[in-house]
Every structure is written in C-alpha cells, then in structure tokens.
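# Breakdown of the fold
One letter stands for each residue in the lines below.
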Amino acid sequence: MKLLVNGEPHDVSAQSLDALLAELEFEGEWLATALNGELVRSPERQTCRLNEGDRVEILTPRQGG
C-alpha cells in the first residue's frame, strides 16, 4: 500500500501503525506518531489500521545545540 511517511512516498506491506514502525525500522517508546494529522499514542499503535494514501508522521527526539 502507498503511504506518505514524513512527507516521503513509501510502498509498504504494513497494515497497522505498529507494523509500519517495525517495517521502517523505527524503535523505541519515545517516538511520537500522527496519522492524518491526529496524534496516535503508543498503546493505540497496534490497533491503528492504515489505509491507502494515509499521511503518517513519525517524530524522534534529537540532541544537539
């Protein structure tokens, strides 16, 4: 299925947000995720179903100054 992830097109097999994170090799409880502009909390990712054309944002903290 085709998704827009962080503004980039991706063709993925994942059916849930949790599976998408694993497929794209994002790990950690500190990730922030949004689906079509709506925040998706960590406990909800496993049951959050993806659909063709969804927009997913995955945010990770960065250190620096």
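Here the structure is shown first, and the text comes after it.
Residues numbered from 1 in each chain as written. Predicted model: local features only at pLDDT ≥ 70, side-chain atom pairs only at ≥ 80, totals over all residues. Heavy atoms only, no water.

## Observations concerning the sheet that holds strand E3 (residues 32–35)
Across the sheet, five strands lie side by side as E2-E1-E5-E3-E4; this open sheet has mixed pairing. Lying at the two open borders of the sheet, with one neighbouring strand each, are strand E2 (8–11) and strand E4 (38–40). Sheet twist, expressed as the mean angle between neighbouring strand axes with direction ignored, is 35°. In this structure, E3 lies alongside E4, joined through three bridges in antiparallel fashion. (Pairing = 2+ DSSP bridges. Helix = DSSP H or I, 4+ residues; strand = E, 2+ residues; numbered from the N terminus. Axes fitted to C-alpha atoms, helices over the stretch in contact; angles between N-to-C directions.)

## Description of the pairing of strand E1 (residues 2–5)
On a regular strand, each side chain points to the face opposite its neighbour's, so the side chains alternate between the two faces of the sheet. Side chains Leu3 and Val5 project from E1 onto a buried face, and the interleaved Lys2 and Leu4 project onto a face without burial. Connecting E1 to the next strand, E2, in antiparallel fashion are two residues, including asparagine 6 with a positive phi near 50°. Pairing geometry for E1 and strand E5 (residues 55–59), over two bridges, is parallel. Each residue of the ladder has a partner; that of leucine 4, found in E5, is arginine 55. (Buried < 20%, exposed > 50% of the residue type's maximum accessible area, 1.4 Å probe, protein only.)

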